[in-house]
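So you can see what is in the structure, the chains are spelled out below.
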Amino acid sequence: MASSQSGLLLLILGLSGAALAFAVFLSRWVLARDRGEASMQRISNAIQEGAEAFLARQYKTIGLLSIVVAAVIYIGYAFFRPAEEGAGALPSSTFALYTTLSFLLGAVCSGFAGFMGMWVSIRTNIRTASAARTSLNAALQTALRGGAVSGLFTVAMSLLGVAGLFWALDAFAPAGVSPEEWTRRIPFLIVGFGFGASFVALFAQLGGGIYTKAADVGADLVGKVEAGIPEDDPRNPAVIADLVGDNVGDCAGRGADLFESTAAENIGAMILGVLLFPFFGVRGVLFPLVVGAVGLIASIVGVMVVRTSGTEDPMKALNRGFYVTSALVAVAFYFLCQWLLSTEAAPGAWMNFFWCAMIGLATAFAFVYITQYYTEYRYRPVQSIAEASQTGAATNIIAGLAVGMESTVLPVITVAIAIVGSYYLGLNSGLTDATTGQPVGGLFGTAVATMGMLGTAGYILAMDVFGPITDNAGGIVEMSEQPESVREKTDRLDAVGNTTKALTKGYAIGSAALAAFLLFSAYLDEVRILTGTELTVNLAKPQVFVAGLLGAMLVFWFSSLAMTAVRKAAQSVIEEVRRQFREMPGIMKGTQQPDYGRCVDIVTVGALKAMVFPGALVVLFPIAVGLIFKQFGIGAEAVAAFLMIATIAGILMAGFLNNGGGAWDNAKKYIETGMYGGKKSDAHKAAVVGDTVGDPFKDTAGPSLHVLVKLLSTITLVLAPLFI
């Protein structure tokens, strides 16, 4: 192993290990906080019990599915993949073993990241609620640092997994292969890690999303609209299931989602780094991992500087942390590009790539502010939905759909500028192919832009998990009947948490868009290496056009299945809540305890059953397309068209669903501030209906589409040899 390669891997592993150690320190700090009164602890314990029971059953199902997929990968590579020829060729069984083991490692690490996200959230909620009894700052810091445990664990585990695999495989170079040639091959051997991470993330996000929104819709429609009781009222039998759902969907699901994002995008960037090996060597291949590791340190600093006064808007404090993290990442990029991307062949290339990184960082900011504009009630889009609520639920829904569709415009323009800008900066970096004289840095420029956007991932995930923690804290405070002054603090944090959840979903869409182009480029590069020729995708061919059409159709079909699953499970919850209100009249009088466990069990069973088919569909569909169209001699091209069009449709649909759902939610909250009659008015009832329509949009189908887009890319990367 070359000294530079060894040193870089030690740096990546060392910084990632340090971030894990700091996450342990933060978790101990959070767990040392006061847990409040016995009445608060009873509610928290019920949430914890329900969340852990669901996750145990969900992971058992995902584990069985992962073993089946691992077996399919091994069989496909060992028996159906064309054997390699020439000096240093790997036996098919060895290639199959490496890919399968990397898939299983990615699946295990992704599952662990999701588990950590939920584990810390269900223990931080009660401590945040208790801290709110003393000061807003104490509650804010408790919630954010609890979220940071998840963020740091997720990103650090991703880096440790990819870098550790790289290091391990480096020791198994076959005879007859030079160290340099083997280093170039390793990124193609570990693509299974990204596939495993995406596979688990899809089921974790989808299953958790179905759970949380089925419980939320059921609780809202019967509690708020029919019974006229407040949100998180202890008389609502579905309220515990609703609070459990915040953890299994927004924490466990999102932890696995962000883990697979960083893993898949890092591997894709490493593959594109292989293209520039003559200029940067292993430094270009490991550059994405070094950036991610340094970004973790920046995220730690950002988290620790967050504090607020009792009168300041907590969102300003969180934004300060984001600005500090971003500034540190920008400075780090300058020195890392100069250090790792300098070459005598093009002395100024590193500066071009630095500006590519700044485009990625600016794209992250743009998506945060665009999402904020479309989902906060200070701005026109949400206010227009609230205004439309005055004439009923129908006009509220029409307005929400219109806002969701409009919200796709600015993100698409932003992504277009980012991709084209970073591509041309890379193309004009001065790097040229020694044989053809053609510029070759364009695709790597887009990879660096993606790394720029992911540089703040640790802090972004901390903000994301902050949302469900503060939501749960507010529920605990209300259900335990704490003083109004305490509820006021948790309400302020909950409102900020709703904003951070929306912002991080916008960030996830932006990173998915850049990553999709990155991974699609990596797929084309892998096909070129396997076949020795450039792959062109000609949509004028009938078969290729049909393959692309199938990709777009899959996005709509998957979204339909996800929302149908929420509807069916929510109907069961609604019927159960109505039954309890009808048969147990003491509930509404406060003299009888609702059966919370029955609603938790209904949603658990419904979510686990409903997640299997749509998840399996996403895995099997691209494989079927590749193998069927292979019979026409265009398997790789058909899969490329399928992937390209599914990615475009998926990004647009995800933006529409996420922003539309978030706008509906905050239109309801805008009315609850006293506008258009306030709570219990006709406009409020219409807004609650719109909010429940938007729930599966923003928390089930929308977030799952982020994962779907990247899962399709990693599947095609792993299985590309079977389509040729």
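Residues numbered from 1 in each chain as written. Predicted model: local features only at pLDDT ≥ 70, side-chain atom pairs only at ≥ 80, totals over all residues. Heavy atoms only, no water.

### Observations regarding the overall build of the chain
Along the chain, the regular secondary structure elements total 22 helices and zero strands. Relative to the compact-globule value of 27 Å for 724 residues, the chain shows a C-alpha radius of gyration of 25 Å, a close match. For the chain, the C-alpha atoms occupy an extent of roughly 80 × 50 × 40 Å along the three principal directions. Within the chain, the fraction of its 724 residues that count as buried is 63%. The contacts in the chain between residues at least 6 apart in sequence include a share of 84% that link residues at least 24 apart. Total accessible area computed for the chain in this model is approximately 24,000 Å², and 64% of it derives from carbon and sulfur atoms. Considering the chain, the positive charge centre built from 46 side chains and the negative charge centre built from 51 side chains are found 4 Å apart. (Helix = DSSP H or I, 4+ residues; strand = E, 2+ residues; numbered from the N terminus. Rg over C-alpha atoms; globule rule 2.2 N^0.38 Å. Buried < 20%, exposed > 50% of the residue type's maximum accessible area, 1.4 Å probe, protein only. Contact = heavy atoms within 4.5 Å. Areas by Shrake-Rupley, 256 points an atom, 1.4 Å probe, with all protein chains shown as cover. Lys, Arg positive; Asp, Glu negative; His and termini not counted. Charge placed at Lys NZ, Arg CZ, Asp CG, Glu CD.)

### Comments concerning the nonpolar core
Phe287, Phe333 and Phe353 are the most contacted members of the largest nonpolar core, which totals 252 residues. If near-sequence neighbours (up to four positions away) are discounted, Phe333 is found in contact with Phe287, Val291, Phe354, Ala357, Met358, Val448, Met451 and Gly452. (Core = buried A, V, L, I, M, F, W, Y, C linked by side-chain atoms within 4.5 Å.)

### Regarding unusual backbone geometry
Notably, Tyr676 is not glycine yet its phi reads approximately 55°, a positive angle. Assignment of secondary structure puts Tyr676 in the loop between helix 21 (635-672) and helix 22 (682-719). Looking at Tyr676, the relative accessible area reads 29%, which means it is partly exposed. One non-glycine residue with positive phi stands out, namely Lys680, at about 70°. Counting through the fold element by element, Lys680 comes out in the loop between helix 21 and helix 22.

### Section: the environment of Val546
Mapped onto the fold, Val546 is located in helix 18 (residues 542-583). With relative accessibility at 37%, the residue Val546 sits in the partly exposed group.

### Brief notes about the pattern of salt bridges
Scanning all chains against the criterion turns up 27 salt bridges. Glu312 serves as the salt-bridge partner of Arg320, at 2.7 Å between the closest nitrogen and oxygen. Since its relative accessible area comes to 37%, Arg320 is described here as partly exposed. For Glu312, a relative accessible area of 19% gives the class buried. Note that Lys698 and Asp699 form a salt bridge whose closest N and O atoms lie 2.7 Å from each other. Neither Lys698 nor Asp699 differs from the other in exposure class; each is buried. Here the residues in one salt-bridge network are Lys213, Asp216, Asp665, Lys668, Lys669, Asp691, Asp695, Lys698 and Asp699, joined through shared partners. (Salt bridge = Lys/Arg side-chain N within 4 Å of Asp/Glu carboxyl O.)

### Structural notes on helix 14 (residues 409-427)
Under the 1.5 Å per step criterion, the end-to-end length of helix 14 is 27 Å for 19 residues, consistent within 8% with the ideal 27 Å. Listed in full, the buried residues belonging to helix 14 are Pro411, Thr414, Val415, Ala418, Ile419, Ser422 and Gly426. Buried residues in helix 14, looked at end-on, bunch into an arc of 125°, giving them a common side. If you follow the buried residues of helix 14, they end up packed against helix 11 (349-375), helix 15 (442-454) and helix 17 (484-531). (Expected span 1.5 Å × (residues − 1). Arc of directions from axis to C-beta.)

### As for the packing of aromatic side chains
Any pair of aromatic rings gets described here by the distance separating the centres and the angle formed by the planes. Counting across every chain of the model gives 32 aromatic pairs. Look at Trp557 and Phe613: their rings are 6.2 Å apart centre to centre, the planes differ by 65°, and that puts the pair in the edge-to-face class. A residue pair is termed long-range when its members are at least 10 positions apart, and Trp557 in helix 18 and Phe613 in helix 20 (residues 596-630) qualify at 56 residues. In this structure, Arg33 packs its charged tip against the face of Trp29, placed 4.2 Å from the ring centre. Stacked on the ring of Trp29, the Lys or Arg Arg145 has its end atom at 4.6 Å from the ring centre. (Phe/Tyr/Trp six-rings, centres within 6.5 Å; stacked < 30°, edge-to-face > 60°. Lys NZ or Arg CZ within 6 Å of the ring centre and 35° of its normal.)

### Quick word on empty space enclosed by the protein
Across all of its chains, the model carries eight cavities of 30 Å³ or more by this definition. If you add up the space inside the largest cavity, you get close to 100 Å³. Taken together, 14 residues make up the lining of the largest cavity; nearest its centre are Val155, Thr262, Asn266, Gly292 and Leu454. Among the elements that line the lining of the largest cavity, the one with the most residues is helix 9 (residues 282-304), at five residues. Of the residues in the lining of the largest cavity, the class split is eight nonpolar, six polar and no charged. (1 Å grid on protein atoms, 1.4 Å probe; cavity = no way out; pocket = protein on both sides within 12 Å on 5 of 7 lines; lining within 4 Å. Points joined across faces, edges and corners; volume = space filled by probe spheres on them. Nonpolar A, V, L, I, M, F, W, Y, C, P; charged D, E, K, R; others polar.)

### Topic: a nonpolar patch on the surface
On the surface, Tyr74, Ile75, Phe79, Phe80, Leu97, Leu101 and Leu104 cluster together to form a nonpolar patch covering roughly 690 Å² of accessible area. Ranked by residue count, the leading element in the nonpolar patch is helix 2 (residues 38-80), at four residues. Following the sequence through the fold, Phe80 ends up in helix 2. (Patch = residues over 30% accessible without salt bridge, like charges linked within 9 Å, V, L, I, M, F, W, Y side chains within 5 Å.)

### Comments concerning the side chain of Gln58
Examined against the element boundaries, Gln58 turns out to sit in helix 2. Separated by 3.3 Å, the side chain of Gln58 and the backbone oxygen of Phe203 make a polar contact. With near-sequence residues (within four places) excluded, Gln58 lies in contact with Phe203, Ala204, Gly207, Gly208, Leu608 and Met611. (Polar contact = N/O pair within 3.5 Å; in protein donor to acceptor, adjacent residues only side chain to side chain.)

### Description of the side chain of Lys698
Among the secondary structure elements, Lys698 is positioned in helix 22. Only 2.7 Å separates the side chain of Lys698 from the side chain of Asp699, close enough to count as a polar contact. Not counting chain neighbours up to four residues away, the residues in contact with Lys698 comprise Lys213, Lys505, Leu657, Asn658, Gly661, Gly662, Asp665 and Pro703.

### A closer look at the environment of Lys60
One can find Lys60 in helix 2. C-alpha of Lys60 to C-alpha of Asp433: the two residues are 373 residues apart in sequence and 50 Å apart in space.

### As for the state of the cysteines
Following the criterion strictly, the structure yields zero disulfides and no others. Free cysteine Cys356: the closest other cysteine sulfur is in Cys337, separated by 8.4 Å. (Disulfide = S-S within 2.5 Å.)

### Examining the packing of helix 9 against helix 10 (residues 314-340)
As a packed pair, helix 9 and helix 10 sit with axes 9 Å apart at the nearest point and diverge in direction by 150°. Regarding the angle of helix 9 to helix 10, the classification is roughly antiparallel. Helix 10 is crossed by helix 9, and the crossing has right-handed handedness. Here helix 9 contributes Arg283, Phe287, Val290, Val291, Val294, Gly295, Ala298, Ser299, Val301 and Gly302 to the contact with helix 10, which in turn contributes Gly321, Val324, Thr325, Leu328, Val329, Ala332, Phe333, Leu336, Cys337, Trp339 and Leu340. In terms of residue class, the contact of helix 9 with helix 10 is built from 15 nonpolar, five polar and one charged. (Axes fitted to C-alpha atoms, helices over the stretch in contact; angles between N-to-C directions. Parallel < 35°, antiparallel > 145°, perpendicular 65-115°, else oblique. Left-handed = near helix turned anticlockwise from the far one by under 90°.)

### Comments concerning the packing of helix 6 (residues 191-227) against helix 22
Relative orientation of the contacting elements helix 6 and helix 22 amounts to 170°, with a least axis distance of 8 Å. The orientation of helix 6 relative to helix 22 falls into the category roughly antiparallel.

### What about the environment of Ala215?
Inspection of the secondary structure assignment puts Ala215 in helix 6. Note: C-alpha distance between Ala215 and Gly421 (206 residues apart in sequence) is 44 Å. If we ignore the near neighbours within four places in the chain, the residues touching Ala215 are Ala238, Ala241, Asp242 and Val603.

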